[in-house]
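Structural overview for review
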Amino acid sequence: MARRILAAGNWKMNKTPSETTALINEMKPVVASDDVDVLLCVPAIDIPAAVEAAKGSNIQIGAENLYYEEKGAYTGEIAPDMLVDAGVTHVIIGHSERRGYFGETDEQVNKKIKKALEHGLVPVMCCGESLEQREQGVTMDWIRMQVKIGFQDLTADEAKKVIVAYEPIWAIGTGKTATSDQAEEVCKGIRDLLRELYGDDVAETTRVLYGGSVNPGNAAELFAKPDIDGGLVGGASLKTSFGEIVHYNK
């Protein structure tokens, strides 16, 4: 079975609820597609507005984070059942900004993935290296460690439900993009690792995305690579031209 391309937007800390409604209403006609899946991961406060605006369209709504406990004295955190009840289908876990600014560890990422799966949410697990790590030649060592710990104790059936997003930290929001060959090399390495851990079925089923300054100009070249199954898109998902990424092959 061929893996479907996923065009996933990560809005980060952008857009108010009213702006969310307006943008999604503008986006709906331009991202309509029968062969590409569309996901918008929005700030928590925007989720109800996004879910309402996306009704009847092909846009799925995701969250940008969750906490790994069911409920309790965790001021400011969001429980998985809150997301499910609000209509979320996916959740980004372990984005480099969460790791870098808020000290998220691989072990916490693993706990969050397990909790998301428990509640039927699709985790989009991010991994990626710094420019220094790339220059030191340890890119794949680093990525393999992140993925191995992120997937620790997951069964093959659980592993198949996780989407992996490779995002080189040096290419996020910088305008720099990994070349399509660089991106493919790491995405293939991730798939090879999943094959080592779980076998061919999981490796061939799991979607591996590339993220890092994906835009309408480079999406087609990136998504044409055999091991890149779409993109986790930052700034370019905040405009209606996101539709050009969805329709990259037109």
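Per chain, residue numbering runs from 1 following the sequence as it is written. Per-residue local features are limited, in this predicted model, to residues with pLDDT of at least 70; the limit for side-chain atom pairs, both in listing and counting, is 80 or more; totals at the level of whole chains, interfaces and linings are taken over all residues. To get the side-chain values, take all heavy atoms of the structure and skip hydrogens and water.

Quick word on the sheet that holds strand 5 (residues 122-127)
Stated formally: Here a strand pair is declared whenever DSSP counts at least two bridges between the two strands. Helix and strand labels come from DSSP, where a helix needs a run of H or I of at least four residues and a strand needs a run of E of at least two; each type is numbered from the N terminus. Only the contacting stretch of a helix is used when fitting its axis, a line to C-alpha atoms as for every element, and angles between N-to-C directions run 0 to 180 degrees. Contacts are residue-level and defined by heavy atoms, with any inter-residue pair within 4.5 Å sufficient.
Ordered by their spatial adjacency, eight strands build a closed barrel running 1-2-3-4-5-6-7-8, and the pairing between neighbours is parallel. Direction aside, the axes of adjacent strands within the sheet are offset by 25° on average. The pairing of strand 5 with strand 6 (residues 163-166) spans four bridges and is classified as parallel. Considered in strand 6, the bridge of Val124 is made with Ile163. Those strands touched by helix 2 (residues 47-54) are strand 2 (36-42) and strand 3 (59-63), and its axis lies near 170° from that of strand 3.

Observations concerning unusual backbone geometry
Its identity as a non-glycine residue notwithstanding, Asp153 has a phi of 70°, on the positive side. Mapped onto the fold, Asp153 is located in the loop between helix 7 (139-150) and helix 8 (156-159). Its identity is not glycine, yet Ser213 carries a phi of approximately 60°, on the positive side. Here Ser213 lies in the loop between strand 7 (208-211) and helix 11 (219-223).

Here's the deal with the layout of surface pockets
Rule in force here: Think of a 1 Å grid over the protein atoms and nothing else: a 1.4 Å probe that fits but is trapped marks a cavity, an open set flanked by protein within 12 Å on at least five of seven lines marks a pocket, and residues with an atom within 4 Å of a point count as lining. Grid points are joined across faces, edges and corners, and a volume is the space filled by probe spheres set on the points. Each residue is assigned to one of three groups, with Ala, Val, Leu, Ile, Met, Phe, Trp, Tyr, Cys and Pro labelled nonpolar, Asp, Glu, Lys and Arg labelled charged, and all others, Gly among them, labelled polar.
Of the volumes computed, that of the largest pocket is approximately 560 Å³. If you go around the largest pocket, you meet 19 residues; those closest to its centre are Lys12, Glu64, Asn65, Arg98 and Phe102. Of all the elements, helix 4 (residues 96-102) adds the most residues to the lining of the largest pocket, at four residues. Here the residues of the lining of the largest pocket are counted per class, giving 10 nonpolar, four polar and five charged.

Quick notes on the packing of aromatic side chains
Under the convention used in this document: Pairing of aromatic rings covers Phe, Tyr and the six-membered ring of Trp, with a centre-to-centre limit of 6.5 Å; geometry is then stacked below 30 degrees between planes, edge-to-face above 60, and tilted otherwise. Burial classification: accessible surface area is computed with a 1.4 Å probe over protein chains only, and a residue below 20% of its type maximum counts as buried, one above 50% as exposed, and the rest as partly exposed.
The full count for this structure, using the stated rule, is six aromatic pairs. Measuring from ring centre to ring centre gives 6.3 Å for Tyr101 and Phe102, while their planes differ by 90°; the resulting arrangement is edge-to-face. Taken individually, Tyr101 and Phe102 each receive the classification exposed, so the pair is uniform in this respect. Geometrically, the ring pair formed by Phe223 and Tyr248 is edge-to-face, given 5.1 Å between the ring centres and 75° between the ring planes. A residue pair is termed long-range when its members are at least 10 positions apart, and Phe223 in helix 11 and Tyr248 in the segment after helix 12 (242-246) qualify at 25 residues. Through a chain of ring-to-ring contacts, the aromatic side chains of Tyr67, Tyr68 and Tyr74 assemble into a single cluster.

Quick look at the pairing of strand 3
Applied cut-off: Here the term right-handed applies to a crossover when the path leading from its first strand over the helix to its second strand runs clockwise, the strands being oriented away from the viewer.
In terms of burial, strand 3 is a largely internal element, four of the five residues being buried. Across five bridges, strand 2 lies against strand 3 in parallel orientation. In the strand pairing of strand 3, Val42 is matched with Ala63. What joins strand 2 to strand 3 is helix 2, and the crossover it makes is right-handed. Looking at chain direction, strand 3 and strand 4 (residues 90-93) are connected through two bridges and run parallel. Within strand 4, the position partnered with Ala63 by the bridge is Val91. In this region the chain leaves strand 3, passes through helix 3 (residues 80-86) and returns to the parallel neighbour strand 4; the handedness of that crossover is right-handed.

Notes on the side chain of Arg191
Looking at where Arg191 falls in the secondary structure, it is placed in helix 9 (residues 180-198). Of the residues examined, Arg191 reaches a relative accessible area of 1% and is grouped as buried.

What about the environment of Ser237?
Quick reminder of the rule: Between N or O atoms, a polar contact is any pair within 3.5 Å; within protein, one atom must be a potential hydrogen donor and the other a potential acceptor, and residues adjacent in sequence are included only when both atoms are from side chains.
When you line up the elements, Ser237 lands in the loop between strand 8 (230-233) and helix 12. Residues Ser237 and Glu97, 140 residues apart in the sequence, show an inter-C-alpha distance of 17 Å. Not counting residues up to four positions away in its chain, the partners in contact with Ser237 are Gly9, Asn10, Trp11, Leu23, Met27, Leu40 and Phe242. A polar contact is formed between the side chain of Ser237 and the backbone oxygen of Gly234, at a distance of 2.7 Å.

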